[in-house]
Every structure is written in C-alpha cells, then in structure tokens.
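Each chain, written out:
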Amino acid sequence: MPDLETLWQYICDEFKNKLSTISYNTWLKAVKPIAFSSQTLVIEVPTALHKDYWKANLSKQVVSLIADSIGQKITVIAKLPDEPDPLLNNSNSSKNNVHPRTKVSDSRPTFMRETKLNERYTFDTFVIGKGNQMAHAAALVVAEEPGALYNPLFFFGGVGLGKTHLMHAIGHQMLANKPQAKVKYVTSEAFANDFINSIQTKRQEEFRKEYRSVDLLLVDDIQFFADKEGTQEEFFHTFNALYDDKKQIVLSSDRLPNEIPKLQKRLVSRFKWGLSVDITPPDLETRIAILRNKADADDLNIPDDTLSYIAGQIDSNIRELEGALVRVQAYSSMIHLPISTSIAADALKNLKLNGKSNEITISVIQDKVAKYYHISVGDLKGKKRVKNIVIPRQVAMYLARELTDASLPKIGHEFGGKDHTTVIHAHEKISGALNSNSELQREINDLKSKLKK
Ligand SMILES: Nc1ncnc2c1ncn2[C@@H]1O[C@H](COP(=O)(O)OP(=O)(O)OP(=O)(O)O)[C@@H](O)[C@H]1O
C-alpha cells in the first residue's frame, strides 16, 4: 500500500502528462493531499468550484488510475479548508502537505485575431489570491471546456478587480487550444452600438451572422444594458442562439444580474442558468504579488518593503494599484533617485491626501501620539534615546509623513529642529517594521483612526 506522499506524487505525475500545464496547476497543484486510508483519499481544495470540478471530473479519473495501478478501488473525497477531515478519527490515515498552493504560471498567449484581446491579459499574468481564486478556476474550466459546464459564466464584482482580464484570458486560452475558434469580446456598449449601426445601415442580417456564429462570446460590463430595451431584446436572441448551439457565453457586471436595474426578467433568469462568481478585493499578499509581477515585467528594481508599502496604500482597486506603481516610477525617474519607500511615500502623498481631513497637523499628531504612549510632547521633540520614547517619536514622524503634506525639513523642524534624514530614517524604520510587527500595526491603525475622527 503506498503512503499518501507516494500516492499523490504518482497521481500528479500521471496528470502532468494528461493535462495542460495551466489545468494541472489549477486542479492539482492547488490541492493539498490530506489523508489516505485503505479505501479513501482525502484532499483539500481551495474553493467550492474546485470541489465541484473534482467531483464531476477528476475523482473518477483518479479512482480508475488507482484501480489500474494497485488494483484497489478507492473513494476520493474533496473537502474545503474549513470542512472537517472525514478520516480524522481513523488511525490508519497519514497526513501530509505535499504540494503548497502555487500560482498558475505557464500558459502561452496566442496570436491576435480580429478579436481585440489585450495581449497582457492572460492566465499567465493573472495573480491568484483568495478573492479571485474561484473566478479564475471557473474561467479556466470554460476556456478548456467551452459550452459544457458553466454556461453562461457570469463574473461580478467591484471596479478594477480583474473581470476584464479574466475574460480576455479565457479568449486567449481558447485560441491557444483551438486556433480556428471564433472568439468575440465586446463591452455591452459596443454590442449596443453595433446593433444600432446595423439598423441604421440596414445590415441586421450581417450583425446577426457575426454575433451568432462565434464559439465564444465575451460581453463586458453588462450593467450598461439597463434602459436599452431594443438592445436587450436583440441580446436575448443572440444569447438563445449561442446557448442552443452550446457555444460559450461569458458576461461581467459590477453586480449580480437581479441587481441590475431595468434588466429584463427573462435575461436575468438566463444569466442565472450557468454560474455566477464574484471577485472580491485582493488581500495584502496578493496586492504585493501583483506589484512584484508588474515590476518584474517592466524590469523595475524595487525593494520588497517598498512594494509592501505601496500595496498598503491602495486596497480596493487593482487598476489604481498599478497606477500607483507607475506614479512612483515616474517620480523616481523625474528626481533621478532610485525607487525606495521614502520616494514612494512622496510620490503617493497627494494621492493619499485625497479624501482625508485637512485638519490633521503635525502638532495634532504629536499630541495624540504623546497621549497614546503616555509620554510628553516635549519628549517627542527632544533628544532622549530611550526606547519608550524613540519608538513613539518615530511613529509620530511616520504619521506626519503619511497624513500631512508637510515637507521633510518642515517635519524635522517641528520635531525640535531635527535633520530631514532623521525623518526619512524614522519613516523607513516604521514602514519596514509594519510588515512583521502586528502589535505596531494595531497601534498605528488605532492612532490613524483617532486622528481621522
Ligand atoms: N489578479 C490579477 N493579477 C494581475 N493583474 C490584475 C489582476 N486583477 C486585475 N489585474 C489588473 O488590474 C487592472 C484592472 O483589471 P480589469 O480591467 O480586468 O478590472 P475589471 O474588474 O474589469 O474592472 P471594471 O469593472 O472597471 O471593468 C488590469 O490592468 C488588470 O490586468
């Protein structure tokens, strides 16, 4: 009887030959083998969609693989991370985490047809994190098996979180698998314009032929169908024709179909036939990974702590996150200094000040920080080098840089005439420590919220 590790390695080796790299990375690498007893293999999968996919497809294949090789019929159970291990009380089970989750990294974008797919938006450049893992897996399923499992696939979620990127990635992947496939990507507005033009130019037949002969139709931002009665009517027929033909349809919106105002009920119900999957904002780790990828792609040399700093500033929109990196890069080349946390802080200062209270001044910060750490403002401005004063002083300088638009010399001046390099040092010290020191994170957050009240 093989042990868990040997068994899993064997399964992985077999699937490596059977699946494309990207599918292998998504369905096998993202899985942790948990336990193996005489009859049961338990694996942990990251999302409900992985669980479904294993149940519907991969479990059977593993069962027959094992039956062929060791002549034993086993059951495969896929569980989610928060579900209990069904074999937990079974003393025969062996536990091991063989494969850590890794991101998909090896799909090849294909050449561009007249489909207007953005070359940069591939599975290869898409960073997988908690908020988009299920959407990514669903995207891969429809790219590999269009029209079969999730039709339509409906992505919803906030602005700039990767819906368009995933739609293009599906198109690229489908063309990589099947270069003759007809892939069409449009925004809902482009669909509406094409439709209206076709009426004006009396070329409706052509319009219908164009839209109803595709293998994959990707329609972005369908919330803009609201209010467009005629377009909705036409789209309804396009949808039906493609669906009946088992062609894949992928839609995106900033909200669920039933929350889109003035969307016809029959469209809402059709959009719910397949799978709706949301994308939520990325956590800090994912944001750092996205920035790291982008910096590497652009050949930028940026220290890790600077990337974490930038990722810490923008937490809900990846387009803005990328914009922040561009801004930092532009600023550093403008002043001819290499990118550092301090340069990033300067470059992003105005950005961060947007929407923040103007009443936060250096003296208000000093007052709050002194009270918070039970020391005097005089100590903050003074020269004492004891730890219980040095750290609050650095925290206060850090907050002064973060929350006010005062220049470095001005901050130095307000802290008892210190040099601007002392302020830079304090800022770098605190932003570096914030990455690993959760106590300090809590204190800074507390202070920030007190200051913004
Ligand atoms: N997981 C990710 N990995 C790498 N880049 C990402 C990821 N998610 C989003 N991006 C990038 O962020 C930018 C915005 O993404 P995208 O345009 O796909 O967002 P969206 O959800 O379609 O937004 P909107 O609602 O405004 O249409 C793009 O440049 C995209 O490449």
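Refer to the structure above for everything that follows.
Keep in mind that what you see is a predicted model, and the values were worked out from it rather than measured.

Calculation rules
Residues numbered from 1 in each chain as written. Predicted model: local features only at pLDDT ≥ 70, side-chain atom pairs only at ≥ 80, totals over all residues. Heavy atoms only, no water. Salt bridge = Lys/Arg side-chain N within 4 Å of Asp/Glu carboxyl O. Helix = DSSP H or I, 4+ residues; strand = E, 2+ residues; numbered from the N terminus. Buried < 20%, exposed > 50% of the residue type's maximum accessible area, 1.4 Å probe, protein only. Bend = angle between axes of the 7 residues up to and from the residue. Contact = heavy atoms within 4.5 Å. Core = buried A, V, L, I, M, F, W, Y, C linked by side-chain atoms within 4.5 Å. Pairing = 2+ DSSP bridges. Axes fitted to C-alpha atoms, helices over the stretch in contact; angles between N-to-C directions.

S.K.: Could you clarify how one ought to interpret the pattern of salt bridges in this entry?
M.R.: Opposite charge on two side chains permits them to pair, given that their charged atoms come into close proximity. Considering all chains together, one arrives at 23 salt bridges under this definition. Here R212 ties to E234 by a salt bridge, and the two come within 3.0 Å at their closest N and O atoms. Taken as a pair, R212 in helix 7 (residues 204-212) and E234 in helix 8 (residues 229-244) lie far apart in primary sequence, 22 residues in all. Taking relative accessible area as the criterion, R212 reaches 27% and is therefore assigned partly exposed. Taking relative accessible area as the criterion, E234 reaches 4% and is therefore assigned buried. What you see here is one network of salt bridges that share partners, running through K32, E44 and K79.

S.K.: Could you clarify how one ought to interpret helix 3 (residues 48-70) in this entry?
M.R.: Residues separated by three or four positions in an α-helix point in the same direction, a consequence of the helix having 3.6 residues per turn. Taking the largest bend as the criterion, helix 3 deviates by roughly 50 degrees, centred on W54. For helix 3, every residue scored as buried is listed here: L49, H50, Y53, W54, N57, L58, S59, V62, V63, L65 and I66. Residues of helix 3 that are buried in the fold lie against helix 1 (4-18), helix 2 (21-29), strand 2 (40-44), strand 3 (75-79), helix 4 (133-144) and strand 9 (275-279). One or two positions beyond helix 3, positive phi appears at G71, with a value near 65 degrees.

S.K.: I would appreciate a short explanation of the nonpolar core in the present structure.
M.R.: It is characteristic of soluble globular proteins that their nonpolar side chains tend to be buried jointly. In this structure, I11, L41, W54, F155 and I170 are the most contacted members of the largest nonpolar core, which totals 78 residues. For L41, the residues in contact, after removing those within four places along its chain, are L4, L7, W8, I11, A35, F36, V62, I74, T75, V76 and I77. In this structure, M397, I411, F415 and I430 belong to the second largest nonpolar core, which totals 28 residues.

S.K.: Please explain the sheet that holds strand 7 (residues 216-220) as it appears in this structure.
M.R.: What links the strands of a sheet is backbone hydrogen bonding, and the strands pair in either a parallel or an antiparallel sense. The sheet built from 5 strands is open, its strands ordered 6-7-8-5-9 with parallel pairing. Looking at strand neighbours, the two that pair on one side only are strand 6 (183-187) and strand 9, the edges of this open sheet. Each neighbouring strand pair of the sheet contributes to a mean axis angle of 15 degrees, computed without reference to strand direction. Pairing between strand 6 and strand 7: 5 bridges, direction parallel. Across the sheet, residue Y185 finds its bridge partner in strand 7, namely L218. Packed on one face of the sheet, helix 5 (residues 163-177) meets strand 5 (153-157), strand 6, strand 7, strand 8 (248-253) and strand 9 and runs near 165 degrees to strand 7.

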